[in-house]
Amino acid sequence: MPNPIAGKIAIVGLGHTVQGELPGQSVEEIAVDAAINAVEDSGLRFGDLDGLIACKSVQGNGNDVTVGQLLGLNLPYVQSLDYGTCNFSLHLAVAAISAGLCKTVLLTYGANARSGKFDFGKPMYGADMASSAGLVHIAGRAGLALQRHKAVYGTTDKQFGMLAVGQRQWAQKNPNAIFRTPLSMDDYLAEKYMVEPLRRSDVTMISDGGVAFVVTTAERAADLPRKPVFVSGIAEHAGVRGEHNPENLMRPWLEDAAQAIWANTGLGPEDIDALYIQDPTALWTLQMLEYYGFCGLGEGGPFLAEGHTLPGGKLPLNTHGGQLSESYTWGWMHLVEAIRQLRGEAGERQLDAPETAMYLSSHGFVKAAASILSTNASVGS
Amino acid sequence: MSESLSPVYDPVAGQYFQAAAEGRLVVQHCNSCDALRWPPLPGCPECRSRDTTWVDVVPTGTIWSFVVYHRAFSAALKDQIPYTVAMVQLDVGPYLLGRLVNGERLPAVGDRVDAEFLDLDGVATIRWRIA
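Residues numbered from 1 in each chain as written. Chains lettered and ligands numbered in written order. Predicted model: local features only at pLDDT ≥ 70, side-chain atom pairs only at ≥ 80, totals over all residues.

A. Molecular detail of the overall build of chain A. Secondary structure summary: chain A contains 13 helices and 11 strands in total. For 381 residues, the compact-globule formula gives about 21 Å, and the C-alpha radius of gyration of chain A, at 19 Å, lands near that figure. Each of the three principal axes of chain A carries a C-alpha extent, and together these read 55 × 45 × 40 Å. The buried share of chain A, reckoned over its 381 residues, is 59%. Counting contacts in chain A only where the partners sit at least 6 residues apart, residues at least 24 apart contribute 77% of the total. (Helix = DSSP H or I, 4+ residues; strand = E, 2+ residues; numbered from the N terminus. Rg over C-alpha atoms; globule rule 2.2 N^0.38 Å. Buried ≥ 20, exposed ≤ 12 C-beta atoms within 10 Å, placed from the backbone. Contact = placed C-beta atoms within 7 Å.)

B. Expanded view of the overall build of chain B. Secondary structure assignment for chain B yields one helix and eight strands. Moving toward the C terminus, one meets the helices and strands of chain B in the order α-β-β-β-β-β-β-β-β. Taking 14 Å as the expected radius of gyration for a compact globule of 131 residues, we find that chain B reaches 15 Å, a close match to that expectation. Based on the C-alpha atoms only, the size of chain B along its principal axes is roughly 40 × 30 × 25 Å. Sequence separation of 24 or more characterises 51% of the internal contacts of chain B that already satisfy a separation of 6 or more.

C. Expanded view of the sheet that holds strand S11 (residues 367-374) of chain A. Residues and elements named next belong to chain A. Spatially, S3-S2-S4-S7-S1-S8-S11-S10-S9 is the arrangement adopted by the nine strands of the open sheet, whose pairing is mixed. Strand pairing shows two members of the sheet lacking a second neighbour, strand S3 (77-81) and strand S9 (274-277), which therefore form its edges. Geometrically, the sheet is characterised by an average inter-axis angle of 25° between neighbouring strands, direction not taken into account. Relative to S11, strand S8 (residues 229-238) is paired through eight bridges, and the arrangement is antiparallel. (Pairing = 2+ DSSP bridges. Axes fitted to C-alpha atoms, helices over the stretch in contact; angles between N-to-C directions.)

D. Summary view of the sheet that holds strand S1 (residues 26-30) of chain B. Residue and element names in this part refer to chain B. With antiparallel pairing, three strands are arranged side by side in an open sheet as S2-S1-S3. Whereas interior strands pair on both sides, the edge strands pair on one side only; in this sheet they are strand S2 (36-37) and strand S3 (52-56). As defined by bridge partners, S1 adjoins S2 across two bridges and the pair is classed as antiparallel. Opposite Gln-28, over in S2, you have Arg-37 as the bridge partner.

E. View of the environment of Met-129 of chain A. Looking at where Met-129 of chain A falls in the secondary structure, it is placed in helix H4 (residues 129-132). When the C-alpha positions of Met-129 of chain A and Gly-347 of chain A are compared, they lie 47 Å apart, and in sequence the two are 218 residues distant. The residues touching Met-129 of chain A, leaving out its near neighbours within four places in the chain, are Ala-13, Pro-39 and Leu-97 of chain B.

F. Broad picture of the pairing of strand S2 (residues 51-55) of chain A. Residues and elements named next belong to chain A. Of all five residues that make up S2, five are buried, and the element is covered over most of its length. Taking every second residue as pointing to the same face, both faces of S2 are buried, with Gly-51, Ile-53 and Cys-55 on one and Leu-52 and Ala-54 on the other. Judged from the five bridges that link them, S2 and S3 form a sheet pairing that is parallel. Looking at S3, one finds that Ile-53 is bridged to Gln-79. Note on the crossover from S2 through helix H2 (residues 64-71) to S3: the handedness is right-handed. Bridge analysis of S2 against strand S4 (residues 105-111) gives five bridges, and the strand direction is parallel. (Right-handed = clockwise from strand over helix to strand, strands pointing away.)

G. Highlighting the interface of chain B and chain A. Facing 28 residues of chain B, the contacting portion of chain A comprises 27 residues. Looking at the side of chain B that touches chain A, the elements that each hand over two or more residues are strand S4 (60-69), strand S5 (83-90) and strand S6 (95-101) of chain B. Across the side of chain B that touches chain A, the residue classes tally to 17 nonpolar, eight polar and three charged. (Nonpolar A, V, L, I, M, F, W, Y, C, P; charged D, E, K, R; others polar.)

Encoded structure:
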């Protein structure tokens, strides 16, 4: 399959706010604070932008119109996305730039779910048959999928717990991380179940925070101060048939996105120096490790137990601590960390000169996205 | 259970609750392609026909998976924890979510279950019991 985008578009600026509590601020204010940092980081000025893609917060605020008025720009291309995780925003930016709609795009996201006391127990799209049965909060569906995984493949709590324990180890090296208290395997196993088989440490925290990126053409990036991080390949796949798809909770459509991105780029799991997986629950990580081929289907448990994803392991995973330990931010901070590692700006947790990183995410149980990023413009072509 | 978590008055799903109140388990049947579907939808995702009838089905199946809630994520659920939710594949095909009564032993994936119906805060709802 052809890959017409490899090396042609780059992320040239990143910015974020404090992750934690930002009381009294709207998601738009938070998004704009992040945007100011991202534009400054890129070495550009707001007047150099010609596109804005605003990602709505989980509460539904922060679209292009409401963020746009605070930015004060009438741009050739503005758009909003319902889908978080930043992968979808990045892909839309790639599409818009490739189509010539714009050249230099600002991506924004702001969240105040913690200060705003957003109710994650409330059914997102209204009462349905799942909530009627008491299946509320993302931990419910994730727990069903994990229980099934345990029954079919023999995955144990101790194997699965390597995700929460490992990400805490990484978070201890990250001054931005909210949860930095050491978490041993014994601590993990001693935690009570929240939604059995998930414990508290298997599920994301809720935090406020904003993130923004500046994305532009490779030609433009060549004149800017930061080391460009090129988009080597992207893929998506929908699972919007939802529960009308047998065994949808196992999210088999993740494998379709995996096949597409490996085929498009000619790359494979062995080419990835640092891996980022958006993780509202650790179950996401387990599923994506398997479907994207970092280990065999059903072999995630033993693979994790071998310690490959921990600091010093052969597959550095969520080196910032992810959503389990660093912050919520719907996965946007995963891309921040990938770029910091590729630029060599990750401080105490800096990996040994990584060239290529991958970011995997999904919108709940309905849509998958994957991106490969590299400081080498020829990767993926 | 509070009304806010159950679509009792939904024009499509409401028919399920009416049948449950009479002790019947019903699912939608597509009159065009014969597919049985769950959860309720206004049209068939297999063939896109909207020609639908509700049919009674035998309320037996197999546990596909289950979770035990030790935390209430909604005020309406506070008095009910810990509670168990199971996804059950009916013998006739569709997967249905419902409460599970553990009975004398812990449930396991693959256990056979029958449905019983109960009134939970005024809403007729399905409850699986290990067969």
